[in-house]
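Each chain, written out:
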Amino acid sequence: MKNENKAMQGEFADSRSAQRVDGRRTFLRHSAALTAGLVAGEAAAQSATGNLPPNVPAWMKGEGGALSDGVYGLPSPFEKNVVRRGRGDQVMPGSGSAMTPLQSSRGMITPNGLVFERSHAGIPRIDPAQHRLMVHGMVRQPMIFTMDDLMRLPSVSRIHFLECSGNGSREWRTPFAKSVQVSHGLLSCCEWTGVALSTIFEEAGVQAGAEWVLAEGADASAMTRSLPMAKALEDAMLVYAQNGEALRPENGYPLRLFLPGFEGNMSIKWLRRLKVGAEPFMSREETSKYTDSLPDGTARLFTFSMDAKSVITYPAPDHKLAQRGFYEISGLAWTGNGRIRRVDVSTDGGRNWREAALQEPVLSRALTRFRLPWQWDGKPAVLQSRALDESGYVQPTRSQLVAQRGMNSNYHYNAIQSWAVAASGEISNVHA
Ligand code: CO
């Protein structure tokens, strides 16, 4: 916070010296300009509605709407454009994704109605009273849990990001996305509540030599992935709640696996079965899918962890800068390797970098909000952010990533994102 204030002062100091006036006059001039804008721009609206100062607005002159008794609350109708957007798959009905509107995100938490979704065979409608979790394979005692059984066990709540490993996959080849929602919106962050998977395995008793676990979902694709036993015992969770309420159907109701920092598809939704084994199970989703093709024709398998990544969410192509002057650049950084240590921001395409302020708390494997004050001089600019995590990993430039991974990959695209600001204030997605 201290750094942020210092940086802000520095920013205003620059504009003061440029204009050769003292701070007070700059402030007055600044606010005078804003006031002038309001009066000139909205005079017509004021005479039409009478809702602007100094008039008393219409919504103060009569009783408001009914209270919310018996109603699940929804956002203001004026926020109706803040919704998930995506596309279904024409070839495989039920397969598709819907992305989080990061351009409207504030802070680090994604509200439940905006958490991204990715499904392979639609959203099953599951009666929790009929849902079961079976634990079998290399365990001393195979077990079947009802939801009520799971609710009785010691619980844990943790804030973590969730990112699809295909997030931004189209950006490998061209600066495809016209919005940060499309380029990075397979990304959300929630408080997840459930039971530590280690608790379940202590109950069932894992046999010697059991190194892998198959997790299976109860959707029509029977989504299956193999996870290492080490991860299962480290921090894996059986989750039944997100952000203080039951999971949403599209996010796995009534029960999902959650693997902090791992690619999203590993956190199997609608979890119905865990089979313990000595070897990975080589399911469809880890052989034909979710592998990373390399330039030499081989493929990386079991690339679980999401490496450090960041993106500026404001300003982004979803926005337009109306006039030169002060803007707060704001964005999100995250890493599967632990905590974000630092985020640098460039406004000149990566030639110069400044350290952004990180919003506390900075949590392990959670979204971290960063901010940097910026004076836009009205000239073309290229905005970039670069994340560094506590393991020392630095988010790569696009050319560094392509040099290492080639052009045949789809998953784990985490290159530095460039937003080009034109003199007109329009913002576009570019490869810089
Ligand atoms: Co992977």
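Quick summary incoming for the structure in this document.

Rules behind the numbers
- Residues numbered from 1 in each chain as written.
- Predicted model: local features only at pLDDT ≥ 70, side-chain atom pairs only at ≥ 80, totals over all residues.
- Heavy atoms only, no water.
- Helix = DSSP H or I, 4+ residues; strand = E, 2+ residues; numbered from the N terminus.
- Contact = heavy atoms within 4.5 Å.
- Areas by Shrake-Rupley, 256 points an atom, 1.4 Å probe, with all protein chains shown as cover.
- Donors = N, O, S within 2.8 Å, 3.2 Å for Na, K, Ca; no water.
- Tetrahedral: all angles 85-135°; square planar, octahedral: opposite > 155°, others 65-115°.
- Salt bridge = Lys/Arg side-chain N within 4 Å of Asp/Glu carboxyl O.
- Buried < 20%, exposed > 50% of the residue type's maximum accessible area, 1.4 Å probe, protein only.
- Core = buried A, V, L, I, M, F, W, Y, C linked by side-chain atoms within 4.5 Å.

### Quick look at the overall build of the protein
Item 1. Per the secondary structure count, the protein includes seven helices and 24 strands.
Item 2. Pairs at least 24 residues apart make up 71% of the contacts formed inside the protein by residues separated by at least 6 positions.
Item 3. Accessible surface computed for the protein: about 21,500 Å², of which carbon and sulfur atoms make up 54%.

### Re the coordination of the cobalt ion
Item 1. Looking at the cobalt ion, one finds its protein donor set to be Glu263 (OE), Thr303 (O), Thr303 (OG1) and His412 (NE2), positioned 2.1 to 2.3 Å from the metal centre.
Item 2. For the cobalt ion, the four donor atoms are set out with angles of 74 to 165° between them, so the coordination reads as irregular.

### Here's the deal with the pattern of salt bridges
Item 1. Using the criterion set out here, one finds 17 salt bridges in the structure.
Item 2. A salt bridge links Asp292 to Arg300; the shortest N-O distance between them is 3.1 Å.
Item 3. Judged by its relative accessible area of 0%, Asp292 is buried.
Item 4. Owing to a relative accessible area of 30%, Arg300 belongs among the partly exposed residues under this scheme.
Item 5. One continuous salt-bridge network, built from bridges that share partners, spans Lys231, Glu234, Asp235 and Arg365.

### Here we look at the nonpolar core
Item 1. Residues Val135, Leu197, Phe201, Leu238, Leu257 and Leu274 are the most contacted members of the largest nonpolar core, which totals 36 residues.
Item 2. Elements represented by at least two residues in this core include exactly strand S4 (132–137), helix H3 (147–152), helix H5 (197–204), strand S8 (212–217), helix H6 (229–234), strand S10 (237–242) and strand S13 (271–277).
Item 3. Looking at which element gives the most residues to this core, the answer is H5, with four residues.
Item 4. Discounting chain neighbours no more than four positions away, the residues touching Leu238 are Leu133, Leu150, Thr193, Gly194, Val195, Leu197, Ile200, Leu255, Arg256, Leu257, Leu271 and Leu274.

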